[in-house]
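# Structural overview for review
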Amino acid sequence: MAGKKQEDAYAPIQRRALLAATGCKQRTSTEALEALTGTIPVDIHLTCRQAQAYLRLSTKHTGNPIYDTITHELTEERRGTPVHLLATRFKELKGELETETVDKECYFDARLPPFSIGRITGSFTPKMNNQCSKEQAKEEIAQLLQSIKQTKTTVVFTDGSSLGNPGPTGCSAVIYEHWGRTEPYTVKKPVAAKSNNYEGELQGLHLALSTLSKRERSEERVLILCDCKAAIENVITTHQVDAYNDLVNNIRQKLHEMKQKRVNIQIEWCPGHMGVAGNELADEQAKLAAEEARNSNMNTVWTRQQALKHIEKQAEERWKRRSELHTTSKHMQKINVQMKKKCKVLGLRSTQIAINQLVSGHTSLNAYRNWIDDTESPNCEACGERESTEHFLYYCPRYESSRRRMYNEVDNIYQELSTREKERRLDIVTLAGMREDLGEETNKKMYKAFSKYIEDTGRFAGED
Ligand SMILES: [Zn+2]
């Protein structure tokens, strides 16, 4: 399994690729190349993949044959096995994530007949025509509600709401025991301190069914109106779903049980925020429930996708912390803070290479040549001063007119942004269009102004 060996094998390859891509000098540090291109270091990348592999393994469904093996491997006596290594990696990057709170992967036993819950779909008649406008749908719902007044029917409106999506989430169900005859009552439940509308909607359905199934009734007619098409679709089909498996399966199970009690359930989509009274009430209650969840530390159920993404983010954080800790070069510190800006693919490649080199600090300027080989003069051929990056960028009199043009251009860019005089930075990171705090368009303009300067000076001409 992956470990130090793989890292040793990949690191030089990644370095060579980055050198080729950026056109940077051999001496450029790997950290600089990684920062310049936004490429995560090999070891962190591998740790991330291993942590993710552990997450995938540990969230297998209990019905999956691999589940028992994994559980066995994770016991104390089996310390040192590859699975333990993966578990360690996971611990390094998990942050606030716990595997118990991650949704289990779905699993269907091939020996069993097609998912048995599937048989109940016959009692649902969702007319979820996508072409159908909300107005039309509202009209159809009104007609449906009118037509069932004669037959004794329980009508339920469900809703879920996430304040911020993701954010504190709650759900609700508004129940009319005998539609047209009785006043509604509502049930609501906070779901999680941080989740999304979709889970809220599913929880709303679950809450409705739990409430209904507690009553000792059979042979009744129930109409459930939910304003989330995705939730309905995933609940009533027999397909595997990729998120909130346990929850969806619980809902299916509940539907199945009620079907066995000869309850006739119909689920329909009801357009949200269209003034359908029951739906508005449910929406209001779900929002109240979400407020209740706000200051709770209610366990969030992570979908597997969210959890995998989370690990990736943690890996990026680790990279960021590392570069803040180890970077000594002035240039690099600036880039590292704004790491995610990749080097630009604009204009001439030779110009891009020159800019990459200037940012990394390893260039063909004489001060650098002299650092490699002290028989070479460090001085500028034009003016005799030491030819450092700063000299080339800001001071050499030979390039004064080109520099003026660049400064004017940059000033215009700042003018457009109404940046205050004091904050008009001219450092290499700004010029190279690598500022995270400036937008993509502004960075492009900066880069263009800078490339113009590089090309005007001709100092790096003929290099590749
Ligand atoms: Zn000079």
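Residues numbered from 1 in each chain as written. Predicted model: local features only at pLDDT ≥ 70, side-chain atom pairs only at ≥ 80, totals over all residues.

Labelled according to an unreviewed UniProt entry, the chain appears under the name ribonuclease H, originating from Branchiostoma floridae. Regarding the chain, the relevant UniProt record gives this comment under Catalytic activity (unreviewed entry): "Endonucleolytic cleavage to 5'-phosphomonoester." Recorded under Sequence similarities (unreviewed entry), the UniProt text for the chain is reproduced unchanged: "Belongs to the RNase H family." (UniProt positions renumbered as here; feature names shortened; annotations may be inferred.)

### Regarding the pairing of strand 2 (residues 167-176)
Strand 2 sits mainly inside the fold: 8 of its 10 residues count as buried. Of the strand pairs in this sheet, strand 1 (residues 153-162) and strand 2 are connected by 8 bridges, and their pairing is antiparallel. The residue of strand 2 that forms the bridge with Val-156 is Ile-175. Hairpin remark: strand 1 followed by strand 2, antiparallel, with 4 residues in the connecting loop; positive phi at Gly-164, about 110 degrees. (Buried ≥ 20, exposed ≤ 12 C-beta atoms within 10 Å, placed from the backbone. Helix = DSSP H or I, 4+ residues; strand = E, 2+ residues; numbered from the N terminus. Pairing = 2+ DSSP bridges.)

### Remarks on the packing of helix 13 (residues 349-360) against helix 18 (residues 440-457)
Between helix 13 and helix 18, the shortest axis-to-axis distance is 10 Å and the interhelical angle comes to 100 degrees. As judged from the angle between their axes, helix 13 and helix 18 are roughly perpendicular. Between helix 13 and helix 18, the residues in contact are Thr-351, Ala-354 and Ile-355 and Phe-450, Ser-451, Ile-454 and Glu-455, respectively. Taken together, the residues of the contact of helix 13 with helix 18 break down into 4 nonpolar, 2 polar and 1 charged. (Axes fitted to C-alpha atoms, helices over the stretch in contact; angles between N-to-C directions. Parallel < 35°, antiparallel > 145°, perpendicular 65-115°, else oblique. Contact = placed C-beta atoms within 7 Å. Nonpolar A, V, L, I, M, F, W, Y, C, P; charged D, E, K, R; others polar.)

### What to know about the pairing of strand 1
Along strand 1, 10 of the 10 residues are buried, which leaves the element largely enclosed by surrounding structure. Because side chains alternate across strand 1, one face comprises the buried residues Thr-153, Val-155, Phe-157, Asp-159 and Ser-161, and the other comprises Thr-154, Val-156, Thr-158, Gly-160 and Ser-162, equally buried. Looking at chain direction, strand 1 and strand 4 (residues 221-226) are connected through 6 bridges and run parallel. Directly across from Thr-158, in strand 4, lies its bridge partner Cys-226.

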